[in-house]
Amino acid sequence: MSGRGADDVPNPDQQHIVNADGQRLFCRYWKPDGPPRALVFVAHGAGEHSGRYSRLAQTLMERALLVFAHDHVGHGNSEGERMSVVDFQIFIRDTLQHVDVVRGQHPGLPVFLLGHSMGGAISILTACEQPDAFTGVVLISPMVQFNPESATPFKVVLAKLLNHMLPKLCLGAIESKWISRDQREVDDYDQDELNHHGGLSVSFSMKLLLATQRIEKAIPTIAWPFLLLHGDVDKLCDIGGSQMMFENAKSTDKKLKVYEGAYHALHRDLPETADSVLEEVGTWIVERIPA
Ligand SMILES: O=C(c1ccc2nc(C3CCCCC3)oc2c1)N1CC(N2CCN(c3ncccn3)CC2)C1
């Protein structure tokens with residue numbers, strides 16, 4: 001088993017699921033005091049972990065929603081070589097597995113997906129795989145199209161060329177200062193040891209690139225309800241991807257809210273933006289819980 005072994009997962013008795021490859025995925029659950037009205041799975045982004053969504057999860061839990069998540073393979077407290085995945089489909093497979101487990105514990109409840117950045121890509125492809133399984137999908141700056149400032153044509157060509165020769169070569173780290181306008185959030189991210197602070201490998205970058213190509217092909221078939229939130233100064237995932245999804249998806253229930261001046265991690269941006277995101281997400285989900 002590459003990467004973290006089973007015995008070096010911190011507090012091995014903490015909640016986890018074992019994926020189809022036998023890897024332990026660290027799980028988190030935010031359960032309301034009373035009976036939950038709906039289930040919300042949170043898909044975190046590349047290089048981070050599910051614990052960074054505690055504030056968002058708490059606000060949803062206060063609306064009687066049961067929020068759950070896991071650290072993707074190679075991330076956070078889960079097993080697997082850091083920031084490495086054999087195939088992007090593994091993220092989708094593991095998400096469906098976890099959703100099935102929790103859905104089975106709460107039969108009949110509506111299930112929503114919520115994803116940020118790469119987690120948005122995972123959420124889109126998961127909903128595409130089981131289009132009738134989810135009541136709605138919330139996408140915070142989803143990775144649909146890279147911003148050409150970060151994924152320059154040179155980097156894309158280089159990644160394709162090197163993917164077979166030097167797959168582990170580092171393509172450079174994400175500059176966290178361009179991810180949030182709030183310096184406290186940037187410092188918090190930089191000091192969080194559960195995040196991956198090294199760069200993205202050629203191999204992992206290619207997996208992301210291929211995922212965006214899968215999404216672009218899938219968008220015209222999308223008919224499920226979705227909420228898109230995107231900052232118009234996002235230097236990592238281009239807002240054009242969200243605009244393209246909003247314009248080309250078949251969904252009749254779709255909403256795109258643009259946060260002017262905001263960077264990539266909207267839920268971790270300046271307080272007025274982050275607070276608006278939490279309110280927007282909670283309201284959108286609750287409005288779609290069948291009476
Ligand atoms: O999922 C991602 C993500 C998405 C697209 C990416 N493209 C690249 C490369 C690909 C190769 C070409 C060059 C671009 O890296 C990506 C990462 N995430 C989650 C996001 N992180 C960023 C750091 N975060 C942060 N930083 C500061 C303050 C708060 N959060 C958390 C979210 C990035």
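Cut-off values and rules
Residues numbered from 1 in each chain as written. Predicted model: local features only at pLDDT ≥ 70, side-chain atom pairs only at ≥ 80, totals over all residues. Heavy atoms only, no water. Helix = DSSP H or I, 4+ residues; strand = E, 2+ residues; numbered from the N terminus. Rg over C-alpha atoms; globule rule 2.2 N^0.38 Å. Buried < 20%, exposed > 50% of the residue type's maximum accessible area, 1.4 Å probe, protein only. Contact = heavy atoms within 4.5 Å. Lys, Arg positive; Asp, Glu negative; His and termini not counted. Charge placed at Lys NZ, Arg CZ, Asp CG, Glu CD. Salt bridge = Lys/Arg side-chain N within 4 Å of Asp/Glu carboxyl O. Pairing = 2+ DSSP bridges. Right-handed = clockwise from strand over helix to strand, strands pointing away.

S.K.: Looking at this structure, how should I read the overall build of the protein?
M.R.: From N to C terminus, the protein includes eight helices and eight strands. Taking 2.2 N^0.38 as the reference for a compact globule, 291 residues should give roughly 19 Å; the C-alpha atoms of the protein span a radius of gyration of 18 Å, in line with that estimate. Dimensions of the protein, computed from the C-alpha atoms along their principal axes, are close to 55 × 45 × 40 Å. For the protein, with 291 residues in total, the buried portion stands at 56%. Considering only contacts in the protein between residues 6 or more positions apart, those separated by 24 or more positions represent 77%. A gap of 3 Å separates the mean positions of the 27 positive and 37 negative side-chain charges of the protein.

S.K.: Where do I start with the pattern of salt bridges in this structure?
M.R.: Opposite charge on two side chains lets them pair, provided their charged atoms get close. Applying the stated criterion across every chain yields a total of 18 salt bridges. Here arginine 52 makes a salt bridge to aspartate 188, at a shortest N to O gap of 3.3 Å. You can see arginine 52 sitting in the loop between β3 (38-43) and α1 (54-61) and its partner aspartate 188 sitting in helix α5 (residues 183-191), a full 136 residues away along the chain. For arginine 52, a relative accessible area of 7% translates into the label buried. Close ionic contact of glutamate 280 with lysine 257 constitutes a salt bridge, the shortest N to O distance being 4.0 Å. Note that glutamate 280 is positioned in helix α8 (residues 271-287) and lysine 257 in strand β8 (residues 254-259), a separation of 23 residues in sequence. The class of lysine 257 is partly exposed, set by a relative accessible area of 26%. Taken together, the shared-partner salt bridges in this structure form one network comprising Glu48, Arg52, Glu185, Asp188, Asp192 and Arg268.

S.K.: Got a minute to help me understand the pairing of strand β4 (residues 65-70) in this structure?
M.R.: Remark: a regular strand shows side chains that alternate across the two faces of the sheet. Counting buried positions along β4 yields six of six residues, so the element is predominantly enclosed. Residues Leu65, Val67 and Ala69 line one face of β4 and the alternating positions Leu66, Phe68 and His70 line the opposite face, and both faces are buried. For strand β2 (residues 24-30) and β4, the ladder comprises four bridges, and the chain directions are antiparallel. Bridge assignment links tryptophan 30 to a residue of β4, and that residue is valine 67. Two strands pair when backbone bridges link them, and β3 and β4 are joined in this way by five bridges, in the parallel orientation. Bridge assignment links valine 40 to a residue of β4, and that residue is valine 67. Considered for its hand, the β-α-β crossover made up of β3, α1 and β4 is right-handed.

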